[in-house]
Amino acid sequence: MKTLILKPDEIDQAAEIIRNGGIVAMPTETVYGLAANALDGKAVAQIFKAKGRPMDNPLIVHVSDIAQAKTLVRSFPKEAEILAEKFWPGPLTIILPKADIIPDEVSAGLDTVAVRFPSDPVARKLISLSCPLAAPSANLSGSPSPTSAKHVIDDMDGRIDAIIDGGECKVGVESTVITLAGEKPRLLRPGGITAEQLREVIGEIEIDDAVVNPLKDGEKAASPGMKYKHYAPKANVILLRGTSEAYIAYVNSHNDDKTAALCYDEETGGLNVPYIVLGAENDMEMQAHNLFTALRQADKLGAETVYAHCPNREGVGLAIYNRIIRAAGFTIIQVSV
Ligand code: TXA
Ligand code: MG
């Protein structure tokens, strides 16, 4: 299949492809999404095929206003109203009991559906011109999420109908996912909207254990996506926890010419291996913005082992930690001088 590369002003063509049951990669403020008509199971099935995504992993449905979100669910509780009012449009996904119009391909057989109203103007326009859009991140399953059209082309050229090139994604990590379908609000995936921000508006929320820990044998994932190895470059990623001084010393003494460092700005001077910079140590927004490009770059450097400095888990740091620890297959080494 030939993949069309479209500019945002060619969005009419993209909307037509969607209306005809095709699949299109679109920019959002978080990462690029691979979109199809959410109400057409056959169209949605092509997303799974193009990504190589396991069929038991449900998709997020993207809407262009709150009223449209309400057509996809059986109930929209008070907490949903509050969260939507405060954080939509934006990088927050809310899981609610699904309405019957949601096909099984979208919900992967669950009784719930994940809904998000993105803020990116191109995504919003595409939804307005077509319909609610089911869209996972537009990467091959298992590899880092795409934050530029180039990343999508690298993974998806020839596998999908079109890509809208809307430049670089602002946030850089996927949306925060919260479920309101259980007894208490529960954070399933941290993202650009932090746990602290959610608590400020709806009070106590639970944090799912899978956010920072591997699933135990036989444990069922609240969010099926959390059970798969994720975000992984080909290189072997190892997280090092400790001070910058200890991190630098460890990396330098384990340099075997196939080693690279994924580090903070402040650490580059001391390292004697090739490095990829995430951002300044205290600038978590910038680190989130750069994370997936950095993981893709690790492969371009030809590194076999990437030593990443373990991020601080406060605020947006929790989202970075959640991704990087999966990229590392949960391997952490405590380092000290
Ligand atoms: O920012 C984002 O959320 C991006 C952009 C494109 O919107 N999308 C995205 O989709 O990250 P995806 O499919 O890569 O991740 C969705 C996550 C998966 O871990 C999936 O298992 C979970 O959300 N999920 C979706 N529907 C669910 C449901 N009904 N119950 C529990 N988890 C669900
Ligand atoms: Mg994904």
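Fair warning: this is a prediction, and the values are worked out from it, not measured in the lab.

Details of the layout of surface pockets
There is about 210 Å³ of room inside the second largest pocket. Taken together, Leu140, Ser143, Pro144, Asp154, Asp155, Ala232, Pro233, Lys234, Arg296, Asp299 and Lys300 make up the lining of the second largest pocket. For the lining of the second largest pocket, the secondary-structure elements that each account for two or more residues are α7 (149-156) and α10 (284-300). Taken together, the residues that form the lining of the second largest pocket break down as four nonpolar, one polar and six charged.

Here's the deal with the packing of aromatic side chains
Scanning the model with the defined rule gives two aromatic pairs in all. Taken together, a centroid distance of 6.4 Å and an interplanar angle of 70° make the contact between tryptophan 88 and phenylalanine 117 edge-to-face. In this pair, tryptophan 88 is assigned in the loop between α4 (78-87) and β5 (92-97) and phenylalanine 117 in the loop between β6 (112-116) and α6 (121-129), connecting sequence segments 29 residues apart. Phenylalanine 117 matches tryptophan 88 in its accessibility class, with the two residues each being buried. Taking NZ or CZ as reference, arginine 313 lies 4.3 Å from the ring centre of tyrosine 321, over its face.

Here's the deal with the pairing of β6
The element β6 is largely enclosed, with a buried count of four among its five residues. With three bridges joining them, strand β4 (residues 60-62) and β6 adopt parallel strand pairing. Counted as the bridge partner of histidine 62 is arginine 116 from β6. One ladder, built from five bridges, connects β5 with β6; its direction is antiparallel. Bridge assignment links threonine 93 to a residue of β6, and that residue is arginine 116.

Rules used throughout
- Residues numbered from 1 in each chain as written.
- Chains lettered and ligands numbered in written order.
- Predicted model: local features only at pLDDT ≥ 70, side-chain atom pairs only at ≥ 80, totals over all residues.
- Heavy atoms only, no water.
- 1 Å grid on protein atoms, 1.4 Å probe; cavity = no way out; pocket = protein on both sides within 12 Å on 5 of 7 lines; lining within 4 Å.
- Points joined across faces, edges and corners; volume = space filled by probe spheres on them.
- Helix = DSSP H or I, 4+ residues; strand = E, 2+ residues; numbered from the N terminus.
- Nonpolar A, V, L, I, M, F, W, Y, C, P; charged D, E, K, R; others polar.
- Phe/Tyr/Trp six-rings, centres within 6.5 Å; stacked < 30°, edge-to-face > 60°.
- Buried < 20%, exposed > 50% of the residue type's maximum accessible area, 1.4 Å probe, protein only.
- Lys NZ or Arg CZ within 6 Å of the ring centre and 35° of its normal.
- Pairing = 2+ DSSP bridges.

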